[in-house]
Structures are given as C-alpha cells and as structure tokens.
Amino acid sequence: MSLVTTGSVAEIKARNKQLIEEVLKVYPEKTAKRRAKHLNVHEDGKSDCGVKSNLKSIPGVMTIRGCAYAGSKGVVWGPIKDMIHISHGPVGCGQYSWGSRRNYYIGTTGIDTFVTLQFTSDFQEKDIVFGGDKKLAKVIDEIQELFPLNNGITIQSECPIGLIGDDIEAVSRVKSKEYGGKTFVPVRCEGFRGVSQSLGHHIANDAVRDWVFDKITPESKSKFESTPYDVAIIGDYNIGGDAWSSRILLEEMGLRVIAQWSGDGSLAELEATPKAKLNVLHCYRSMNYISRHMEEKFGIPWCEYNFFGPSKIAESLRKIAGYFDDRIKEGAERVIAKYQPLVDAVIAKYRPRLEGKTVMLFVGGLRPRHVIGAYEDLGMEVAGTGYEFGHNDDYQRTAQHYVKDGTLIYDDVTGYEFERFVEKMQPDLVGSGIKEKYVFQKMGVPFRQMHSWDYSGPYHGYDGFAIFARDMDMAINSPIWKKTKAPWKDVANPKLLAAE
Amino acid sequence: MAQNAEHVLDHFELFRGPEYQQMLDNKKKMYENPRDPAEVERIREWAKTPEYREKNFAREALTVNPAKACQPLGAVFASVGFEGTLPFVHGSQGCVAYYRSHLSRHFKEPSSCVSSSMTEDAAVFGGLNNMIDGLANSYNMYKPRMIAVSTTCMAEVIGDDLNAFIKTSKEKGSVPAEFDVPFAHTPAFVGSHVTGYDNALKGILEHFWDGKAGTTPKLERTPNEKINFIGGFDGYTVGNLREIKRIFELMGIQYTILADNSDVLDTPTDGEFRMYDGGTTLEDAANAVHAKATISMQQWCTEKTLPFISDHGHEVVAFNYPVGVSATDEFLMALSRISGKDIPDKLARERGRLIDAMADSNAHIHGKKFAIYGDPDLCYGLAAFLLELGAEPIHVLSTNGNKAWEAKLRALFAGSSFGQNCHAYPGRDLWHMRSLLFTEPVDFLIGNTYGKYLERDTGTPLIRIGFPIFDRHHHHRYPVWGYQGSMNILVKILDAIFEDIDKKTNVAGKTDYSFDIIR
C-alpha cells in the first residue's frame, strides 16, 4: 500500500521535507549543498517548483542525463526520415542510439528512408591525430554513391570533433556546392557541450534555422497551395506512433497538418513549415527555440498543447481551435464528442482498477508534467515528479498547471535519491526510463518506461489514451507483484518513515 | 474509429486501419515530396546487384550498421564482475547513460555505473576536479568496495592522466588512500568493446598484482593449484559462467573466475535492489597471481591481459569461444592437463548426449549454408561448430575482427571439407553483409538483434545468437558453452530450420502436402 497520500497535506509536506533532509545526509558537504537546491516540496500558489535546474550534473552521483549528441541526433534530427544522419566520431554514440527510440515512420529503409540505419565515420586514432575533415568528405561521397535517394545529410558531432578543431561547416559548404545545392547540416552537438540533452535540442533547432530555413530556394519551396487551416506539429517524435494518433485529431477537426517535427518527418516538411498559420507545440523543451524563431521571422504564432488523457486533449483541441474560425471550433467540438464514448468506455473499464493509485515520475522533455492529467483521468495521483533536463520555464508550467500541493520535486535526480524516495514513499507505480526500470522492479514496485512507452504506445490522442490506460493497469495490477516475497520468509517490515 | 476499450489495439494493429492508412497516404503525397515509386523500386533492385556490392565493398570511410561498440562498454561489463565494484567512467556523462541503457536492454537488469560528468570547462582545463569530486561522491553514496575507472573518448582526446588524477584525488581525501581504484584508458577510437574489456581487466589485475600504482609492494607469486578463468565480453555471461563453474566443480578443480558478473547481471526480484551482487572477490583477484594457469575463452578479448598474466609467471591458454564437440573437448582436455584431474564420466555422458542430438538431427543441418556475424571469437566458435554439423558458414563477418582473425578463420575453413566455399570478412559491417546475402544467398543468418533488418530486407531467416539481443528475452540466462551449452545452440538452430520449413509449407491446398507432423 502506497504511503504517498496518507495523512493531511501538511503531514505529507512535512514527511517529504524530512525525506529530502535524510537523503542529503549521504553526500559530502559541498555536494549536499548543491543537491539541496534541486529538491523541494511543492507549495501551492508558487510560480515555480522551487528548484534550481539546467545546471551541471555533479560528478560521480549517477545522473540519469544524457548529452547534447543525444538531444540532437537522438531526439531532434534522428527521426527526419529522408535524410542521412552521420554519427561523426567514434562508433559508440551511434551504436547505442541505433533504433532504440522507436520513432515510427513509413518508407523503404535503406533506399529512400534511413531512420533505423547507423551511419558513422567510425573514427580511428589517426582521425583524431590528423583530423577528420577529409574522412568526412569521403564519407559523404560514399553516401551519395550508395544511397542516391537521400534528400540531405546531417553531421552529428561527437565529442572529439570539437576538441580536435575539425571544420565540419566548411566541409558541408563545399559538399553542398559540389552536389548541386543539396542540403547539408553540420550540427555542433558534441556530447560535452552544455549540461544535458537540452543544449543538443537547442543546437539542433539552430541548425534547422541556419542550414535549412536560411537556404530555402525557389526550387525547394513546397508546391502545395496554402489554406487558412495549415498547421505544423512541432515537438512530437512519433514514438510508437504518437504523432499519427495526434495528427488524426487535428485533421478530423478540419485543420491541415503540413509538417511533422520531427517524427515521421521529411526535409520537405521542414522547408514547408514557414507556410503554417499556427505551430502547435507538444514538446516545448526540445522545440520552443525554432517555434520562437518562426514567430519572429515568419510571424507564425505557436501554441502549446497536451494530448495525454481526455481532459487535456479536449482542453488542447479547444485551445488550438481558438486560433481559427467557427468551422474549426465546431470541428473541435465534433471531435471531442466523437471520441467521448471511447473515453467513457476506457475510464469505465480502467478507473475502478486504478482509482487512488499513486505514481512517481522522472522523465525528460514534457512528460514530467504532461502525463499528470492522463493519470488523473484514471483516478490516479502523481506524488513526485522531476525533469531530467528541464529548465525553470518547465518548472513554472508544472507548478502553475499541473502538480498538487505537497508534491515531491526532484530535478536531475541521482540514482541514490530516486531509490530512497521510492523506497520511503512506496508509490504504486514508477514511470521513468530503461536505466531505472529494473532497479524498481527488483524492489517490487510496478514500473512503466515513460520514454519509449515500454515498447508500447502510442500514448498521444484518444486512441493512445486507451493504450495508456491498459498499460498502467497491466503494470500495477500484474499478479506477479504479490509474489516477490517467498511465502516461507517473514514479511520484512518495510522501512517506512511513518513507522519510524 | 478503430480503437476500443474492450479490445485495445496496439500500434501494430491500430495504424493498419483505413483512417490511418488514408491519412498516411495523404501525408506522403501532399507534403513529403516523395521520390517516384518507380525510382525507389529501381534503386531497391540495384542495391541487390553484384555491381552495388562492388561499390559497397569499395567503401573506405563510411561505416553503415557496424557490429561493434566502443571500448568503455566492455570496461563497464568487466568491472561489474568484481565484488562491490562501481564502474566510473571519466569523461562526458552521456556515454555512461548509453552504456547503462545498452546493457539493461540486453540483460533486462539494472546497470550501475557513474560518470565524472565532464563539460566544456573540463575540456579546457582537464577533468581533474571532476575526478576529485566524482570519486568522493561515488564513494560516499554507493559504498563500493572498489571503483574501477575507465575513460570516454573526450578524456582521451584531451589527454587526462588517470594514474596522476587518482593519486591526487586520494591526496585530497576523495577516497581513503588504501581504497582500490584501478584504472584503464579505454579510448573509443581504438578497437571496440572487446578491447575495452581487455584493458579494464588488465588494469584491475595490474592494480592488485603490481603494487597498486606504486603504493604497495608487488605481489610475489607463490604458485598454487588454482586455475583462473576469463570469459571475455559475452552476452551469455550469466548462463555461461554458471555452466563453467559447474564443470570446474564436477572436475574438482579449484578455480577463480575473473570478472564474474553472472550474479550482478541476474539478480532476483524479491523486494531488494542489489547494486552489487556476487563477483570476483578483491582477495581472489589479488591471489589470482598465484594460480597455476589462466584460461581465456576469448583470445581477442584478452590480447593484452594474457601476455600480462604470462609475464607474471604462469601458463595462459586462449580459446576462441569454444562451442560444439571438438572445441569443448579441447577445453576440457586443457583443464584436465593443467589440473591433473580426470574428466569425469558425467561430462563424457553429456558429450555423448550432444553427439546423440547432433546425429539425430544431422539430416536437417547438413549442407545448409549460413552467414554469421559478431565478435571475433564468437564468430570463430560458431563457424567451427557449424562445420562439425556438416553445415557451411559461407560468410563470417566481424566488424571488430582483424587480419589475424581472418587468417585464423581461413585455417579453420581449410581444415574442413565443408569450409571450401567459406570466407571471413574482417572490419566489415552489416551493410556489407546485406550485399553478401543478396549476391551469395545463404539459408540462415546468425547474429544479434540488428540482424532482423537483414532478415526483413533479404528474407534470410535470422537466428539470434550474439550481443546485443534486445527483442527476445532471457536467452542470456542459458549457457552456450560446454556440451550442454552447445546443445542449446543446436536447438536454437534446429528450431529456426523447422520453423522455416513450416513457414514455407503452410499454404492450405497449395504447399501443405509437405506440412509434415513429424520432421
């Protein structure tokens, strides 16, 4: 039984504060001081969650974070399907990120589509010593020969590139000229830049601005006629098909989705986006930069939305419709009404099984706040949450729109902290990543990966909500969790704060 | 609307519905600026030709779908095989997130490892402060018995000196002076994960045997009767090391498994998370210097470690991932020779059962053509076993194999009448393999999970043996070494063969005269 929500709000707050104090005791003084700023108990009415964020991770603590390369190649650029993304440097980065993010796409892989291929310059010692620009030029030539239908090439820098002083921009310019103005995008996403994936998102966004938008020619201009209802989906990576189960709703309400950034996306869609009347932004963290740029440069407004769970979906559909005329507003109502029977059936089936269950989250991007509504639609409560690489504007949005009074907040949580928090709070479910999954399952705590949807999904949209509800139920109510203790062994007293 | 609460459709059903199909068709047509389908088809066919193969094999700079990872992955894998040991990778933190994910996806287990989280300032000034703080934090938080340090390519490019950094960290009180912090430089731009395994293991042995970085006297070897055993980087380490222990115990040999990660990569779900479990004790790691001999199951995982051990005065013997009858015979006879112990009848009976199974099923494997890819030793071991079965390992490809590996494979092929049409491909990748499978087709492909893309494109059925295996569960818990382990490989191969025959004969009224109930 979860201890998260027993007691009054004041008691919960006191307990969570005590928990933070206890956890900090393990650290050397200097580290404890730094980590204390990232942990807090949320106070209702505050404009943010009261934690510092987007600061360097502390050495040796087992941060869950990744790097700028992961943010660029792994998140922003990797899903653009008709371009080839070179993992430029040693073999590992591309290898570990190969095909693991589940960015679904349609296309003939290896011929006109390249998402699940691992292209690397596989640096050797001589490339480090003598520089890798010549090798990069040759890599590009070989790609052009063997993969002639690629629509462009991005160069995703790994750590050594910036350290050895390679000039990938120069190589890109030369090669673009040589191949008739073809799109080449050098990305300075070396893993040591910044403090997490986050700077990689920003660098990748800037690369779209500088190497795609700024190079659009009359020939590369998209051919379709604009309509007043053209929108672009920004910040949906189509994990398990998320962008598709989102797109269908926007189209059903009468909008035209002219581009997907970047799940199942193509270069043509990136180039066409300046024609959009509205950019709808799901993952604010990873793509607010390019949305702001398009607002400034092309006058395109952008609107954040949340397609997790029926409450937020309906709210978002109405919010998006608010940018358009009555036709679209009616369309939004029509879509909400159309899916209401599905929503009712899903909630009727799963809510009784999940009512009152508690969740602790630790994820990246938008999810530490965006999924809260979906859990609440199922009668569940989020008792703790935190961002792998959030900034203060994420914590502001979280505080103002999502979390309840007394929620435990942990930014860039360390392995140690997360284990202790879960051990003491005993939630019914933890939602985090692959590195955390087995830790908590060993502890007997049900778990769902909330990056990859644990190989399920989509979770976006109404169709996705049914899958989300089913998955949470199967995690929490699996009979296996009742069997973790051998019947002949004494049931150990859980080390609970309340009992101490 | 297709979705429904009673029968929730997953992604593999949901998007096949007409509303999604129409939406996706429209997306492509209107917004993707797609290539002419005839052109896509033309290139798809062209990529199957000998002409394409020639261009593909002429590549000098580009690597596509390699079957290798980088050094620190192997270092982390080896390090967790020691009692209470926390791997600490000095350099960028994203790398460590990758190793942990990669290992967890294969073993379906937690993977604990820390980073010194170096960023831009460390790139300029060096990572000494990261090491000082990092060791102190790790030591206090995770209470390890030992911290095994390796490096990412960032730290290698800027030239951080681990020996000096660790010494300084100890002086600054990060960890007690006597606390064990072995280290290994593991640049990602040299070798592969098998090299990293080798470097890390050598680093740990060097630490214990050669005076702990100049802080204690070097160990004097006083020979005993023990045999050290090194498994190498191995996706089947859990099942294999347990099988090896059983064999040692059956033979009554005293042994030390070095880098024994079979427990930490297979912990129970019983309410407790064990960050550390089992592993070679630090005492045993030190005392391993006194052993009579060291056996390595993978030559190319121990290229530096074995000469280092041999320089300390005891015999070293290397195998190439021995599977099958003769390779296991040789392994056991080596054990017997070194230990002076007889091979017990129990093992002879296991041998007999393997031969029995091979004889029973021989007709289904004999003459079948295989392609194999993977780590150098695994490829060799599997190729040798296939030759024993009368099969032909036509293409044997190892991205991290070298010229010496190729020569060794050639000798293997030359020694068998079934090896005459077989070739070894060192340094090649899975895009090369794709051309091989199109231009010189085989019946089956053996490789890791990434082989499923080749299976999809070429229609060659994949038998999953190797690392990583992400999309099938729990096979790593079963051994592939020893006669019993070899039996597991035999069964995997046979299952694939039988499924393939069934798949090709199950069309009702057309091919199902061959859809036999007995095979």
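Computed from a predicted structure; not experimentally measured.

Considering every residue of chain A, the mean pLDDT works out to 96; 97% of them sit at 70 or more. Every residue in residues 496-500 of chain A is under pLDDT 50, and counting partners more than four places away or in other chains gives nine contacts.

This part is about the sheet that holds strand E6 (residues 230-236) of chain A. Two modes of strand pairing occur in sheets, parallel and antiparallel, and in both the strands are linked by backbone hydrogen bonds. Residues and elements named next belong to chain A. Spatial ordering of the open sheet is given by E7-E6-E8-E9, a layout of four strands whose pairing is parallel. Looking along the sheet, the strands with just one partner apiece sit at the ends: strand E7 (256-262) and strand E9 (302-304). Neighbour-to-neighbour, the strand axes of the sheet open up by a mean angle of 25°, direction not taken into account. One ladder, built from three bridges, connects strand E8 (residues 278-281) with E9; its direction is parallel. Looking at E9, one finds that valine 280 is bridged to cysteine 303.

With that out of the way, let us pick up empty space enclosed by the protein. Residue and element names in this part refer to chain B. Tallying each qualifying case throughout the model produces 14 cavities of 30 Å³ or more. Here the largest cavity defines a volume of roughly 210 Å³. Lining of the largest cavity is provided by 22 residues; of these, His193, Asp375, Gly466, Phe467 and Pro468 occupy positions nearest its centre. Per-domain counts for the lining of the largest cavity show at least three residues from each of domain 2 (224-343) and domain 3 (346-505). Around the second largest cavity, the lining comprises 21 residues; the ones closest to its centre are Val80, Pro110, Ser112, Val264 and Met275.

One frequently used descriptor of interface size is the decrease in accessible area upon assembly of the parts. All names here are of chain B. Under the domain assignment, chain B is made up of domain 1 (71-214), domain 2 (224-343) and domain 3 (346-505). Centre-to-centre, using C-alpha coordinates, domain 1 lies 23 Å away from domain 2. Counting residues at the interface gives 34 residues for domain 1, matched by 38 residues for domain 2. When domain 1 packs against domain 2, close to 3,200 Å² is buried across both sides, 68% of that on carbon and sulfur atoms. Counting across the interface, domain 1 meets domain 2 through zero salt bridges. Top contributing element to the side of domain 1 that touches domain 2 by residue count: helix H11 (residues 193-209), with 11 residues.

Our next topic: the packing of helix H13 (residues 237-251) of chain B against helix H16 (residues 325-339) of chain B. Residue and element names in this part refer to chain B. Relative to each other, H13 and H16 sit at 45°, their axes nearing to 11 Å. Judged by the angle between their axes, H13 and H16 are oblique. Crossing hand, H13 versus H16: right-handed. Contacts between H13 and H16 involve Ile244, Ile247, Phe248 and Met251 on the former and, on the latter, Phe331, Leu332, Leu335 and Ser336.

Turning our eyes to something else, we now look at the domain arrangement of chain A. Residues and elements named next belong to chain A. Domain parsing of chain A yields domain 1 (9-61 + 354-451), domain 2 (68-194 + 196-215) and domain 3 (230-345). One C-alpha centre belongs to domain 2, the other to domain 3; they are set 28 Å apart. Across the contact, 25 residues belong to domain 2 and 26 residues belong to domain 3. Of the roughly 2,100 Å² buried at the junction of domain 2 and domain 3 (both faces included), carbon and sulfur atoms supply 65%. By the criterion of area lost to domain 3, the three top residues of domain 2 are Tyr104, Asn205 and Phe213, representing 28% of everything that side buries. In this structure, the connection of domain 2 to domain 3 is made through two salt bridges. The interface formed by domain 2 and domain 3 contains 11 residue pairs in polar contact (both at pLDDT 80 or more). Residue assignment for the side of domain 2 that touches domain 3 shows that the elements contributing at least two residues are helix H3 (68-77) and helix H9 (197-211). Ranked by residue count, the leading element in the side of domain 2 that touches domain 3 is H9, at six residues. Broken down by class, the residue content of the side of domain 2 that touches domain 3 amounts to 12 nonpolar, seven polar and six charged.

Cut-offs used in this document
Residues numbered from 1 in each chain as written. Chains lettered and ligands numbered in written order. Predicted model: local features only at pLDDT ≥ 70, side-chain atom pairs only at ≥ 80, totals over all residues. Heavy atoms only, no water. pLDDT = per-residue confidence, 0-100. Contact = heavy atoms within 4.5 Å. Pairing = 2+ DSSP bridges. Helix = DSSP H or I, 4+ residues; strand = E, 2+ residues; numbered from the N terminus. Axes fitted to C-alpha atoms, helices over the stretch in contact; angles between N-to-C directions. 1 Å grid on protein atoms, 1.4 Å probe; cavity = no way out; pocket = protein on both sides within 12 Å on 5 of 7 lines; lining within 4 Å. Points joined across faces, edges and corners; volume = space filled by probe spheres on them. Domains from an automatic or database assignment. Buried area = accessible area lost by both parts, 1.4 Å probe. Salt bridge = Lys/Arg side-chain N within 4 Å of Asp/Glu carboxyl O. Parallel < 35°, antiparallel > 145°, perpendicular 65-115°, else oblique. Left-handed = near helix turned anticlockwise from the far one by under 90°. Polar contact = N/O pair within 3.5 Å; in protein donor to acceptor, adjacent residues only side chain to side chain. Nonpolar A, V, L, I, M, F, W, Y, C, P; charged D, E, K, R; others polar.

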